[in-house]
Amino acid sequence: MAVCIAVIAKENYPLYIRSLPTQNELKFHYTVHTSLDVVEEKISAAGKSLGDQRELYLGLLYPTEDYKVYGYVTNSKVKFVIVVDSSNTSLRDNEIRSMFRKLHNSFTDVMCNPFHNPGDTIQSKAFDGIVSGMMVQTG
């Protein structure tokens, strides 16, 4: 079950963060922020070894006692972070990949909106609906 989904801009500020138990929102902000160091590490390591061809899906960034943090980065260096409850052992890697693909497609739709200014926080009801569905779907 996804407990937190975040979209982080190229400059490492949050464009969108949504967490399911809202009383732990600050904790999830911290978890997402600390995961950015691991994302940058993986991007730089992949960039050195593969050149221009790199995998968008970064996989498991790091596990904590309660959560597993997964990462994804677009070609424009926008980062997606999904925090999943560690007790959910049935969630497989390909399901996480499909969640990121769905999130990326929805993010692309938001960016294609002529009324959205790139760099502003995401305030799309359609995007929010996709995120809500992903949080419930995996639960």
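What you are looking at is a predicted structure, and each value in this text was computed from that prediction instead of being measured.

A. Structural context of the packing of aromatic side chains. One pass over the full model with this rule turns up six aromatic pairs. Ring centres 4.9 Å apart and planes at 90 degrees place the aromatic pair Tyr16 and Phe127 in the edge-to-face group. Within this pair, whereas Tyr16 is found in strand β2 (residues 14-19), its partner Phe127 is found in helix α3 (residues 125-137), the two being separated by 111 residues in sequence. Residue classification places Phe127 among the buried positions, given a relative accessible area of 0%. Seen from their ring centres, Phe28 and Tyr67 are 5.2 Å apart, and the 65 degrees between their planes marks the pair as edge-to-face. Residue Phe28 is located in helix α1 (residues 25-50), and its partner Tyr67 is located in strand β4 (residues 67-73); the two are separated by 39 residues in the primary sequence. Tyr67 carries the same exposure label as Phe28, and that label is buried.

B. Region of the structure containing the side chain of Lys79. Counting through the fold element by element, Lys79 comes out in strand β5 (residues 79-85). With relative accessibility at 1%, the residue Lys79 sits in the buried group. For Lys79, the contacting residues outside a window of four places in its chain are Ala6, Val7, Ile8, Ala9, Lys10, Asn12, Leu36, Val39, Glu40, Tyr72 and Val73.

C. Summary view of the environment of Ser106. Tracing the backbone shows Ser106 in helix α2 (residues 93-111). Considering only alpha carbons, one finds Ser106 and Ala126, 20 residues apart in sequence, at a separation of 7.9 Å. Not counting the four nearest positions on each side in its chain, Ser106 is found in contact with Phe127 and Ile130.

D. Main features of the pattern of salt bridges. Within the structure shown, the criterion is met by five salt bridges. Between Asp66 and Lys27 there is a salt bridge; the shortest N-O distance is 3.7 Å. In this pair, Asp66 is assigned in the loop between β3 (57-63) and β4 and Lys27 in helix α1, connecting sequence segments 39 residues apart. For Asp66, a relative accessible area of 38% puts it in the partly exposed group. By relative accessible area, Lys27 is classed as partly exposed at 38%. Across the salt bridge formed by Lys79 and Glu40, the nearest N and O atoms sit 3.7 Å from each other. Of the two residues, Lys79 is situated in strand β5 and Glu40 in helix α1; the sequence distance between them amounts to 39 residues.

E. Main features of the nonpolar core. With 25 residues, the main nonpolar core has Val7 and Phe127 as its most contacted residues. When neighbours within four sequence positions are excluded, Val7 is seen to be in contact with Tyr13, Pro14, Leu15, Tyr16, Val78, Lys79, Phe80, Phe107, Ile122 and Phe127. Residues Ile17, Val32, Val39 and Val69 belong to the second largest nonpolar core, which totals 19 residues.

F. Structural context of the pairing of β5. Across the seven residues that make up β5, a large majority, six, are buried. Alignment of β4 against β5, held across seven bridges, turns out to be antiparallel. Each residue of the ladder has a partner; that of Tyr70, found in β5, is Ile82. Adjacent in sequence and paired antiparallel, β4 and β5 are bridged by five residues, among which Lys77 carries a positive phi angle near 70 degrees.

Cut-offs used in this document
Residues numbered from 1 in each chain as written. Predicted model: local features only at pLDDT ≥ 70, side-chain atom pairs only at ≥ 80, totals over all residues. Heavy atoms only, no water. Phe/Tyr/Trp six-rings, centres within 6.5 Å; stacked < 30°, edge-to-face > 60°. Helix = DSSP H or I, 4+ residues; strand = E, 2+ residues; numbered from the N terminus. Buried < 20%, exposed > 50% of the residue type's maximum accessible area, 1.4 Å probe, protein only. Contact = heavy atoms within 4.5 Å. Salt bridge = Lys/Arg side-chain N within 4 Å of Asp/Glu carboxyl O. Core = buried A, V, L, I, M, F, W, Y, C linked by side-chain atoms within 4.5 Å. Pairing = 2+ DSSP bridges.

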